[in-house]
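Structure assessment
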Amino acid sequence: MSKVPPLPRRTKVALLAGAAIAVSLLLLGRSSLSYGPQAVSYGEFKLEPAKPQPSIAEDLSSIVTRTVTTTLYAPAVTETAIINKDSSSALKYKQLEPVVFSLLAWSTSSGAELSLLIKSILMYITGPVELHILCDAEAKAAIDPGLSLVHSPTYEVKVRYYILTWDKMTGRIEREGSLFTEHSAGRPGLMKLFLHEIMPVKKAIFVDTDALFISDPRHLWNQFKSFKSTTGISMTNHSNYGNADWHYADRICSCVMLLDFEKLRDMRLMDSSLYRLNDSSRKAASPAAFTAMYGAPDSSDGKYHNVRLGDQGYWSQAAYQEMYETRLGEAELDEEQEISKQEIHVTGTSQSGKIVRPKLLHFNCLHWTDRWWEWTSWSDPENKLNRQWGAAVQYHVGFKWIWLNRFSFDSSKPTVDIQTAETLFDDQKFAKEHSIPYS
């Protein structure tokens, strides 16, 4: 047997150093990429810690193992490093339930606001997300540019547009027959009552365009777990408010809602003249509910003229409390000190005595501006709201869409799937099935 010639001393040192670095990086990766569960609070609800999830390093160890062997001479030593690699992707994430959003925008400005909300969703989401968007063509044109810059997100992103014209929207409202609004959102705001008819999903989060997330939307999505078998709608409840002229509709806020679309479809929430043409059809829920709340509609045109808060006036149920005042700053306050600052704003509500950790910012009723982040007082250092949340607004507005493209190992990376779907209301689907003509 021939002898292997000894390696030069410099080569031996280099090989030994390389092996040491490889092993160190492996150990560092296992410790620095480990995540554990923690309890999270959303509003008055306490989310219990999730079952421990494997760390990324542990996920990799359960997949394909490739052995790399480096042989060092003089003296002869064999060092073996184990490198774990997924056969399809270097990072393998567990399959999570998609977080589904039902969103609404009408006009260029509304579309621009929704674009910022979508960006904040993608900034914080953990797991796949679906964005179902009912809008007009102008709003879609304002949303598209940002989304077009995202090509390699951390998780799968599914976008479905449902394009609505003014005539189609007005037609559905008129077929219901009794809806009327003087609210600033106008008729497009009433479309919140019909989202379940158009979007073929089981449940969804609805958020107004003048809002943004500052934490993982999955915290809010998990509130569906608290739904009873009879719960179809959940929204914020300001129980310490109450304006009789508004029929106390100011106690609720339809700006953030959890909607069980399956239940709303099963109960046929909204009425239609197309349903009324079929005597065997089951009755819709809205006529009896509106009469119980407001009495009979106006005899002159059959509409409710005394509903002052738009779609919010037509909802009748509320579920959890989200009345608080929080702010950036004073980062080292303990929970007792934080509760004492919030208490003045939640006295007499179910949130009293409980700490609130904000997950979403809703800048409602910032008047005299088409886009809420262009409000002139965001540049006023003395303005209270600016001192509280101005820095957060600046950060999210300035965050670049291209930063949502994450590091990718291979062609199996998550994708963005954007399509335009058919826009058809439930009563139109019903008419098709029963050969009832409609316009």
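The rules we used
- Residues numbered from 1 in each chain as written.
- Predicted model: local features only at pLDDT ≥ 70, side-chain atom pairs only at ≥ 80, totals over all residues.
- Heavy atoms only, no water.
- Phe/Tyr/Trp six-rings, centres within 6.5 Å; stacked < 30°, edge-to-face > 60°.
- Helix = DSSP H or I, 4+ residues; strand = E, 2+ residues; numbered from the N terminus.
- Buried < 20%, exposed > 50% of the residue type's maximum accessible area, 1.4 Å probe, protein only.
- Lys NZ or Arg CZ within 6 Å of the ring centre and 35° of its normal.
- Salt bridge = Lys/Arg side-chain N within 4 Å of Asp/Glu carboxyl O.
- Pairing = 2+ DSSP bridges.
- Right-handed = clockwise from strand over helix to strand, strands pointing away.
- Axes fitted to C-alpha atoms, helices over the stretch in contact; angles between N-to-C directions.
- Left-handed = near helix turned anticlockwise from the far one by under 90°.
- Contact = heavy atoms within 4.5 Å.
- Nonpolar A, V, L, I, M, F, W, Y, C, P; charged D, E, K, R; others polar.
- Patch = residues over 30% accessible without salt bridge, like charges linked within 9 Å, V, L, I, M, F, W, Y side chains within 5 Å.
- Areas by Shrake-Rupley, 256 points an atom, 1.4 Å probe, with all protein chains shown as cover.

So, about the packing of aromatic side chains. Following the criterion strictly, the structure yields 13 aromatic pairs and no others. Here the aromatic rings of Phe194 and Phe425 are separated by 6.1 Å at their centres, their planes lie at 85°, and the arrangement is edge-to-face. Residue Phe194 is found in the loop between helix H6 (186-190) and helix H7 (195-198), and its partner Phe425 is found in the loop between strand E13 (416-421) and helix H15 (426-433); the two are separated by 231 residues along the sequence. There is no split in this pair, since Phe194 and Phe425 are both buried. Among the aromatic residues, those joined into a ring-pair cluster are Phe363, Trp372, Trp373, Trp375 and Trp378. Positioned above the aromatic ring of Tyr275, the side-chain terminus of Arg268 is 3.8 Å from the ring centre.

In this section: the pattern of salt bridges. Applying the stated criterion across every chain, the model contains 12 salt bridges. Among the ionic pairs, Arg160 bridges to Asp417, the shortest N-O distance being 2.9 Å. Placement of the pair is Arg160 in strand E7 (residues 157-163) and Asp417 in strand E13, with a sequence separation of 257 residues. Since its relative accessible area comes to 12%, Arg160 is described here as buried. Within the structure, one salt-bridge network assembled from shared partners comprises Arg172, Arg175, Glu197 and Asp427.

Turning next to the pairing of strand E10 (residues 233-237). Summarising burial for E10: four of the five residues are buried, a large majority. When E10 meets strand E11 (residues 252-260), the two strands line up antiparallel, connected through five bridges. Counted as the bridge partner of Thr236 is Cys253 from E11.

Looking now at the pairing of E7. Of all seven residues making up E7, five are buried, and the element is well covered by its neighbours. Pairing analysis gives seven bridges linking strand E6 (residues 129-135) to E7, with the strands arranged parallel. Among the inter-strand pairings, Ile133 is bridged to a residue of E7, identified as Tyr161. In this region the chain leaves E6, passes through helix H4 (residues 137-147) and returns to the parallel neighbour E7; the handedness of that crossover is right-handed.

The subject of this paragraph is the packing of helix H3 (residues 108-124) against H4. Between H3 and H4, the least distance of the axes is 7 Å, while the angle of their chain directions is 35°. The handedness of the crossing between H3 and H4 is right-handed. Contacts between H3 and H4 involve Thr108, Gly111, Ala112, Leu114, Ser115, Ile118 and Leu122 on the former and, on the latter, Glu138, Ala139, Ala142, Ile143 and Leu147. Among the residues making up the contact of H3 with H4, the classes are represented as eight nonpolar, three polar and one charged.

On the surface, Leu149, Ile402 and Trp403 cluster together to form a nonpolar patch covering roughly 300 Å² of accessible area. In this structure, Ile402 sits in the loop between helix H14 (384-398) and E13. By relative accessible area, Ile402 is classed as partly exposed at 47%.

This brings us to helix H5 (residues 166-176). Residues Met169, Thr170, Gly171, Arg172, Ile173, Arg175 and Glu176 constitute the buried set of H5. Downstream of H5 by one or two residues, Gly177 has phi in the positive range, about 105°.

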